[in-house]
Amino acid sequence: MRHILKLLLPAVIPSWRFFDVIAPSPRIQFVLLNSAIAPVDEKGEWREFRPRPAHLSFLQMLGRMFWNPERNESLFLVSCAERLLQQPTQHSEDEILKRIIAELKANHSGVTEATTHLQFRLLLVQRQDSRLQQHIVFHSRIQPLSVQDET
Amino acid sequence: MNFDDAVRLTEILLGFAFAQQSIEHFNRFADERRLFIPRFVLAILLMIGFQTTWVAILLFLLGLAMLCRFQGPYNGGSDRMSLLILFCLCLVYIAPTQRWQEMAFGYLALQLVFSYFFAGWVKIINPEWRSGRALCDVFQFSTYPASESLRQWSKSPRVLFVMAWGVMIFELIFPLLLLSHISLIIALIIAAIFHFANACLFGLNRFFWIWIAAYPSILWFQARFIMAG
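What comes next is a walk through the structure. Computed from a predicted structure; not experimentally measured. (Residues numbered from 1 in each chain as written. Chains lettered and ligands numbered in written order. Predicted model: local features only at pLDDT ≥ 70, side-chain atom pairs only at ≥ 80, totals over all residues. Heavy atoms only, no water.)

1. Here we look at the layout of surface pockets
Residue and element names in this part refer to chain A.
Step number 1: Approximately 390 Å³ is the volume attributed to the second largest pocket.
Step number 2: As for the second largest pocket, its lining consists of 22 residues, and the residues nearest its centre are Phe49, Arg50, Arg52, Arg71 and Ser74.
Step number 3: At the level of secondary structure, the elements contributing two or more residues to the lining of the second largest pocket comprise strand S1 (25–33) and helix H3 (69–86).
Step number 4: The leading source of residues in the lining of the second largest pocket is H3, at seven residues.
Step number 5: Among the residues forming the lining of the second largest pocket, the class breakdown is twelve nonpolar, three polar and seven charged. (1 Å grid on protein atoms, 1.4 Å probe; cavity = no way out; pocket = protein on both sides within 12 Å on 5 of 7 lines; lining within 4 Å. Points joined across faces, edges and corners; volume = space filled by probe spheres on them. Helix = DSSP H or I, 4+ residues; strand = E, 2+ residues; numbered from the N terminus. Nonpolar A, V, L, I, M, F, W, Y, C, P; charged D, E, K, R; others polar.)

2. Re the pattern of salt bridges
Residue and element names in this part refer to chain A.
Step number 1: Inspection of every chain in the model, using the stated rule, returns 22 salt bridges over all chains.
Step number 2: Between glutamate 73 and arginine 50 there is a salt bridge, with its nearest N and O atoms 2.6 Å apart. Highlighted residues: glutamate 73 in helix H3 and arginine 50 in the loop between strand S2 (47–48) and helix H2 (58–64), separated in sequence by 23 residues.
Step number 3: Looking at glutamate 73, the relative accessible area reads 3%, which means it is buried. (Salt bridge = Lys/Arg side-chain N within 4 Å of Asp/Glu carboxyl O. Buried < 20%, exposed > 50% of the residue type's maximum accessible area, 1.4 Å probe, protein only.)

3. Some points on the packing of aromatic side chains
Step number 1: The tally for this structure, following the rule as stated, stands at 34 aromatic pairs over all chains.
Step number 2: Taking 4.9 Å as the distance between ring centres and 55° as the angle between the ring planes, the aromatic pair formed by Phe19(A) and Tyr144(B) counts as tilted. With one member in each of two chains, Phe19(A) in the loop between helix H1 (2–12) and S1 and Tyr144(B) in the loop between helix H7 (133–140) and helix H8 (157–173) form a pair that bridges those chains.
Step number 3: Assessed through its relative accessible area of 22%, Phe19(A) is described here as partly exposed.
Step number 4: Look at Tyr144(B) and you get partly exposed, because its relative accessible area is 29%.
Step number 5: Among the aromatic side chains, those forming a connected cluster through ring pairs are Phe58(A), Phe66(A), Phe16(B), Phe196(B), Phe208(B) and Trp209(B).
Step number 6: Lys123(B) extends its terminal NZ or CZ atom over the ring of Trp129(B), reaching a point 5.5 Å from the ring centre.
Step number 7: Between the NZ or CZ atom of Arg224(B) and the centre of the ring of Phe225(B), over which it lies, the distance is 4.8 Å. (Phe/Tyr/Trp six-rings, centres within 6.5 Å; stacked < 30°, edge-to-face > 60°. Lys NZ or Arg CZ within 6 Å of the ring centre and 35° of its normal.)

4. Regarding unusual backbone geometry
What is expected of a backbone is that most residues other than glycine have negative phi and most peptide bonds are trans.
Step number 1: Residues other than glycine seldom take positive phi values, yet Trp16(A) does so here, at roughly 55°.
Step number 2: Here Trp16(A) shows up in the loop between H1 and S1.
Step number 3: The class of Trp16(A) is buried, set by a relative accessible area of 4%.
Step number 4: For Gln71(B), which is not glycine, the phi dihedral falls at a positive 55°.
Step number 5: Locating Gln71(B) in the fold gives a position in the loop between helix H3 (52–69) and helix H4 (76–94).
Step number 6: On the accessibility criterion, Gln71(B) (33% relative accessible area) is partly exposed.

5. Some points on the interface of chain A and chain B
Buried accessible area, meaning the area lost when the parts come together, often serves as the stated size of an interface.
Step number 1: Between chain A and chain B, the contact holds 54 residues from the first and 67 residues from the second.
Step number 2: Note on chain A versus chain B: buried area summed over both sides is about 5,400 Å², and carbon and sulfur give 61% of it.
Step number 3: Taken as a group, Trp16(A), Phe19(A) and Met65(A) account for 15% of the area that chain A buries against chain B, more than any other trio of residues on that side.
Step number 4: At the surface where chain A touches chain B, the tally comes to seven salt bridges.
Step number 5: The salt bridge partner of Lys98(A) is Asp31(B), with a shortest N-O separation of 3.9 Å.
Step number 6: For the side of chain A that touches chain B, the secondary-structure elements that each account for two or more residues are H1, S1, H2, H3, helix H4 (90–107) and strand S3 (117–128) of chain A.
Step number 7: Looking at the side of chain A that touches chain B, the element that brings in the most residues is H3(A), giving eight residues. (Contact = heavy atoms within 4.5 Å. Buried area = accessible area lost by both parts, 1.4 Å probe.)

6. Points about empty space enclosed by the protein
All names here are of chain B.
Step number 1: Going through the model one piece at a time under the given rule, you end up with one cavity of 30 Å³ or more.
Step number 2: Its boundaries defined by the atoms lining it, the largest cavity holds a volume of some 100 Å³.
Step number 3: Lining the largest cavity are 14 residues, with Arg39, Gly63, Met66, Asp79 and Leu83 positioned closest to its centre.
Step number 4: Of all the elements in the fold, those that place two or more residues in the lining of the largest cavity are H3 and H4.

This is how it looks when you write it as structure tokens:
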């Protein structure tokens, strides 16, 4: 009950602090593995999860007013990433892993018979004076790809 | 706009916003479908005006279940506004007298005004917003731009400076625009265009639909308390 109240109160008595500070921004990258052993080299084949499109036409933007599930899910994953950095929970890590695996299975992208596991990491992008810097700030557990999803 | 019309219009707009949100989850995970398919059905019932009291209460309970499922809002501010509108609608339905009903609906109208005013206030007290730097950062490295080509906007600091000040001034003067009916109508049109631009540039389509659902409350509030006074 207390937990629900804690989640509900910001909605009923909102602070409306939209974009007050432009905080360092997390990016989700993942790597496919052939075993449950973490990659030794950080420069391995880490890929950005669901990179944004190069360009959107005005018509596509209009369409997204009514049908925008991927973008909204990506925004939820950004929230999960921010929660992981502020107050790590298993829930946030599970949500990100689950959705990366679901997308990989849906697109069959880069998954071969040899790839058995997955790991993601969070990169924090921020501006230092006039230059952009990025730091690796989190590594997830290594997750078997065979885990049953609920799709 | 009278009270009954404003509440009815809110139900229709809220129902539409919820139906649109819910459809996006139909081909996702089973546990999400278990929440969003009933939500879609309830949203349609709310739109057609069937047993709105019970439907709104069930939607509110479903909203709480979603908060637990996602350990917070799925889409930040838009989910919070959704719950706030539902909360106020439920209070309107269960309030014992017209006076309490008006207080509940008036609370929604005031929160709508605050949503613009405080968003402007927290920006203008930040030097990075006043210099235009913050909006450059939004386009340069935040996760918000909906496409890579939009990041090019960060190379136009003068344009972004004007845009930042335009947004801050509009948000801060929003409460003053309640003083006349025509200025409020113009303000709501500008605000809707602002949300539409955010939807196009940052993919925040849910904000557009849900904020519009709160507009009838402010139109009623102005007619009831400001113009009548």
